[in-house]
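A closer look at the structure
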Amino acid sequence: MRERLVAHAIAVHGFSGYVGEDGATHYWYQIVSWYKAGKDGGMPSGVIIIIAFIVLAPLLGALASYLISIWLLNASRKSIGPKVFTVALMIATVWLVSNLMVPYADIEKPRFESHFWSVAFDPHNIKWFLVAFIILTVSGFCLIFSSLNLHQADAALKKMQLLSSAAFSLGHGGNDSQKVMGIIARRAVAVYINTNPGVHMDSWLNVVLPNDDLGIKGVMPGWIPLACYSAIAAGTLSGGWKIVKTMGSKITKVSSFEGVVAETAGALTLYFTEHLKIPVSTTHTITGSIIGVGLTKRVSAVRWGLQ
């Protein structure tokens, strides 16, 4: 979206600038918001932040997967230290997530009669609920890891990989679909208003763009997210095997252990960036996570030429 606006500005007005209706001179690089400070000490936004996280997201994924790998490898040993660390991490996770979640009394429109499910599936809370579920599940495995033999551990990790892959898939949809949803919503509004000036929008196209400065909350018809989720799922199902093959065998050898670690790290990274409302590349994120797992073996275990 932003690159098209910049290209259109350059094609129409060139690089020398033009005088707008307000009498001021405008240039092509002023079309987009390059940097906008966050409110109340929050996360800043703008093109520069997006460009920065193109590099930072894979690094965060690699760091997370490396640390999780070290954690699991130490948990496989019969010593008390890793178990104490795991229990402390579980307590810290429960405390942190419980403080970050919106309580039932503050939820405007509860979705369920049950207080627990209403809090768990609130749009603000669901990602924190998933983060807690992932960390606590991996922690539970770490507590019994040292008591399992090789066959039992591999069988447990294969089952856990269903959870980690599902968590990463949710992060994929929450990240990539959001970008497309924004483009479709803005395009739908722009095209409809330009072709039908002064006409009330139909209910199926009733898009309200958010404006924090004016206190306006965004409204998006249900068909837009459903279309984006369905398209991503269909694309992954039809053409995703080549990517899976490259990620799972060509970058570094990925067993069930590496798969659980990489997918867990990738999912946590995507939840983190989605919470900050920063679009990132899902492929770059999982690539960085796989690299981080490979680095726990040795640097040469990663085929750097494929990056």
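For every chain, the first residue of the written sequence is number 1, and numbering continues from 1 onward in sequence order. Only residues with pLDDT of 70 or above have their local features reported here, since the model is predicted, and side-chain atom pairs are shown and tallied only from 80 upward, although totals for entire chains, interfaces and linings are computed over all residues. Remark: hydrogens and water are excluded; side-chain values derive from all non-hydrogen atoms of the structure.

Digging into the overall build of the protein
For clarity, the cut-off: A run of H or I in DSSP becomes a helix once it reaches four residues, and a run of E becomes a strand once it reaches two; helices and strands are each numbered from the N terminus. The buried label applies to any residue whose accessible area, calculated with a 1.4 Å probe on protein chains only, is under 20% of its type's maximum; exposed applies above 50%, and partly exposed to all values in between. Note that accessible areas follow from Shrake-Rupley with a 1.4 Å probe, and for residues the cover is restricted to the protein chains shown.
From N to C terminus, the protein includes 10 helices and 2 strands. The N-to-C order of helical and strand elements in the protein reads α-β-β-α-α-α-α-α-α-α-α-α. When burial is assessed residue by residue, the protein has 33% of its 307 residues classed as buried. Accessible area for the protein stands at about 18600 Å²; split by element, carbon and sulfur atoms hold 66% of it.

Points about helix α5 (residues 126-145)
Defined as follows: Given the number of residues in a helix, its expected span is that number minus one, multiplied by 1.5 Å.
In a regular helix each residue adds 1.5 Å, so 20 residues correspond to 28 Å; α5 covers 28 Å between its end C-alpha atoms and thus fits that length. Of all the residues in α5, the buried ones are Lys127, Trp128, Val131, Ala132, Ile134, Ile135, Val138, Ser139, Phe141, Cys142 and Phe145.

Details of a nonpolar patch on the surface
To be explicit about the condition: Within the patch definition used here, like charges are joined within 9 Å and nonpolar side chains (Val, Leu, Ile, Met, Phe, Trp, Tyr) within 5 Å, considering only residues with over 30% relative accessible area and no salt bridge. Salt-bridge detection follows one rule: a side-chain nitrogen of Lys or Arg within 4 Å of a carboxyl oxygen of Asp or Glu.
Where nonpolar side chains cluster on the molecular surface, the patch consists of Trp34, Tyr35, Ile48, Ile51, Ile54, Val55, Leu56, Leu59, Leu60 and Phe272 and spans about 930 Å² of accessible area. Broken down by element, the nonpolar patch gets its largest block of residues, 7 residues, from helix α2 (residues 47-75). By the secondary structure assignment, Leu60 is in helix α2. On the accessibility criterion, Leu60 (32% relative accessible area) is partly exposed.

Regarding the environment of Ser114
Applicable threshold: Counted as a polar contact is a pair of N or O atoms within 3.5 Å, where, for protein atoms, one must be capable of donating a hydrogen and the other of accepting one, and residues adjacent in sequence contribute only when both atoms are in side chains.
Within the fold, Ser114 resides in the loop between α3 (80-100) and α4 (115-120). Considered as a pair, Ser114 and Tyr104 are 10 residues apart in the sequence and their alpha carbons are 9.8 Å apart. Polar contacts involving the side chain of Ser114 include one to the main-chain amide nitrogen of Phe116, which spans 3.4 Å.

Some words on unusual backbone geometry
Where the residue is not glycine, phi is negative for most of them; where a peptide bond is considered, it is trans in most cases. Unlike most non-glycine residues, Lys277 shows phi in positive territory, near 60°. Note on placement: Lys277 falls in the loop between α9 (256-275) and α10 (282-295).

A few points about the packing of aromatic side chains
Selection criterion: Only centres within 6.5 Å qualify two rings of Phe, Tyr or Trp (six-membered ring in Trp) as a pair; their planes then separate them into stacked at under 30 degrees, edge-to-face at over 60, and tilted for everything else.
This structure, assessed with the given rule, holds 6 aromatic pairs. Aromatic side chains Trp117 and Phe121 sit 5.7 Å apart centroid to centroid with 35° between the ring planes, which places their arrangement in the tilted category. In this structure Phe121 comes out as partly exposed when scored by relative accessible area, which is 33%. Pairing Phe141 with Phe145 gives two aromatic rings, centres 4.6 Å apart and planes at 35°, and the pair type is tilted. With a gap of 4 residues between them, Phe141 and Phe145 both fall in helix α5, about one helical turn apart. The exposure classification of Phe141 matches that of Phe145, with both residues buried. Here the aromatic residues Phe112, Phe116, Trp117, Phe121 and Phe129 are joined through ring pairs into a cluster of three or more.

Side note on α10
With 14 residues, α10 should cover 20 Å at 1.5 Å per step; its first-to-last C-alpha distance of 20 Å lies within 8% of that length. By the criterion of burial, α10 is predominantly enclosed, with 11 of the 14 residues buried. All of the buried residues in α10 are Thr282, Thr285, Ile286, Thr287, Gly288, Ser289, Ile290, Ile291, Gly292, Val293 and Gly294.

Considering the packing of α2 against α9
Short version of the rule: Orientation is described by lines fitted to C-alpha atoms, with helices fitted over the stretch in contact, and by angles between N-to-C directions that extend from 0 to 180 degrees. The labels follow the angle: roughly parallel below 35 degrees, roughly antiparallel above 145, roughly perpendicular from 65 to 115, and oblique for the rest. Rotating anticlockwise by less than a right angle from the far helix to the near helix defines a left-handed crossing, while the corresponding clockwise rotation defines a right-handed one. Note on contacts: a residue pair qualifies if any of its non-hydrogen atoms lie within 4.5 Å across the two residues.
Look at α2 against α9: their axes get within 8 Å of each other, and the N-to-C directions meet at 135°. Considering the angle they form, α2 stands oblique to α9. As α2 runs across α9, the sense of the crossing is right-handed. Along its contact with α2, which presents Phe53, Ala57, Leu60, Gly61, Ala64, Ser65, Ile68, Ser69, Leu72 and Leu73, the element α9 presents Phe257, Val261, Thr264, Ala265, Leu268, Thr269, Phe272 and Thr273.

Details of the confidence of the model for the protein
As a reminder of what qualifies: One number per residue, pLDDT, summarises how confident the predictor is, and it ranges from 0 to 100.
For the protein, per-residue confidence averages 79 on the pLDDT scale, and residues scoring 70 or more make up 73% of the total. Taken element by element, the predicted model of the protein shows its lowest mean pLDDT in helix α1 (residues 2-13) (57) and its highest in α3 (93).

So, the side chain of His172
Examined against the element boundaries, His172 turns out to sit in helix α6 (residues 150-195). With relative accessibility at 19%, the residue His172 sits in the buried group.

With respect to the environment of Thr269
Mapped onto the fold, Thr269 is located in helix α9. Separated by 16 residues in the primary sequence, Thr269 and Thr285 have C-alpha atoms spaced 7.5 Å apart. Those residues in contact with Thr269, other than ones at most four positions away along the chain, are Ala57, Leu60, Gly61, Ala64 and Thr285. Here the side chain of Thr269 touches Ala265 through a polar contact of 2.8 Å, landing on its backbone oxygen.

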